[in-house]
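Observations on the three-dimensional arrangement
Residues per chain, in single letters:
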Amino acid sequence: MRWSERRTNFRAILNGERCIHPGSVADPMTARITQEVGFEVCIFAGSVASMSVLAAPDLIVLTLSEFADQTRRICRATELPLLVDADHGYGNALNVRRTVEELEMAGVAGLSIEDTNLPAPHGSGGRARLISLEEGVGKMKAALDARSDPDLVIAGRTSAPGIEGVEEAVKRATAYEAAGVDALFLVGVKNREELAAVAAEVSTPIILGSASREMMDCEWLASLGVRICLQGHKVHAAAMAAFLTTQQALADGTHPDDLDGIAPSDTMKRLMRADNYDRWSAPYL
């Protein structure tokens, strides 16, 4: 697998002048579809991983090995660069090192490590909290030190905009930038003013974890140094709704030939690369 080429392509996007939307993926087939419809980058979120691997909510019950295994399957199925949300690195700074090692070997082009206190500690009442700035910096340094391929992108992710506000977000963004991260991943930015305030204090490329409708202007985002802006992960909810509706129809007695919204056979064969397997079968079997 050509991991280096994908990482080079991903860095070119981060170092370019445009802002793009990544396609959210959950498994090899959704990654294939994402490539086919024209996205330039895939993203595999922790919440999506928990849903697709465990059918569980995003409560950090997924393990690193489970996440890395699914990531490896996704990377095998697509030629697009894959950015993954590695949450808190599955523990402290030493765990972050292990996380980077495993995900680098799985083939990711970039990964984010965040400064949220995860999993939610006893007594938090569901309210998100941040780890200390010092621990956050330590995690970023550990992640950077752990990679063996210098082209692998390490993004310092902070939820400070939504938890503590702009002042704390600037403090953490500048500290992670000073630590040497390749990108800053901002979560919880509420409006244009907040984003502009943080962007004015940093020069590192920005990945925006969420954006309101009025912020979703790629030309304006690009002018502030935002290179990747997530669109959320509703595509998976749409897929689940389609599966639920179709499965329910079968359970209710609908004949398979009467189902709606079925992908044609040639589409399924194309997505599964059936022609490749036919071509390989001739000389090998």
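Residues numbered from 1 in each chain as written. Predicted model: local features only at pLDDT ≥ 70, side-chain atom pairs only at ≥ 80, totals over all residues. Heavy atoms only, no water.

Looking now at the pattern of salt bridges. In the structure shown here, the tally under the stated rule is 16 salt bridges. Among the salt bridges present, the one from R7 reaches D149, with a minimum N-O distance of 2.9 Å. Here R7 is found in helix α1 (residues 3-14), whereas its partner D149 is found in the loop between α6 (133-146) and β5 (153-158), with 142 residues between them in sequence. Each member of the pair, R7 as well as D149, is classed as buried. For R192, the salt bridge goes to D217, with nearest N and O atoms at 3.9 Å. Here R192, found in helix α9 (residues 192-199), pairs with D217, found in the loop between β7 (206-208) and α10 (218-223); they are 25 residues apart in sequence, far enough to count as distant. The partly exposed category is assigned to R192, whose relative accessible area is 24%. (Salt bridge = Lys/Arg side-chain N within 4 Å of Asp/Glu carboxyl O. Helix = DSSP H or I, 4+ residues; strand = E, 2+ residues; numbered from the N terminus. Buried < 20%, exposed > 50% of the residue type's maximum accessible area, 1.4 Å probe, protein only.)

Another point: the layout of surface pockets. Its boundaries defined by the atoms lining it, the largest pocket holds a volume of some 950 Å³. Taken together, 29 residues line the largest pocket, and the ones lying closest to its centre are M29, T30, I33, V235 and A239. Listed by contribution, the elements that provide at least two residues to the lining of the largest pocket are β1 (23-24), α2 (28-36), α3 (46-54), α11 (234-251) and α12 (265-271). Among the elements that make up the lining of the largest pocket, the one with the highest residue count is α11 (eight residues). Along the lines of polarity and charge, the residues of the lining of the largest pocket split into 16 nonpolar, ten polar and three charged. Its residues placed into classes, the lining of the second largest pocket shows twelve nonpolar, eight polar and seven charged. (1 Å grid on protein atoms, 1.4 Å probe; cavity = no way out; pocket = protein on both sides within 12 Å on 5 of 7 lines; lining within 4 Å. Points joined across faces, edges and corners; volume = space filled by probe spheres on them. Nonpolar A, V, L, I, M, F, W, Y, C, P; charged D, E, K, R; others polar.)

What follows is about helix α4 (residues 64-77). Taking 1.5 Å per residue, 14 residues should reach 20 Å; α4 reaches 20 Å between its end C-alpha atoms and fits that length. Of all the positions in α4, only L64, F67, A68, Q70, T71, I74, C75 and A77 are classed as buried. For α4, the secondary structure elements touched by its buried residues are α1, α2, β2 (42-44), α3, β3 (82-85) and α5 (93-106). (Expected span 1.5 Å × (residues − 1). Contact = heavy atoms within 4.5 Å.)

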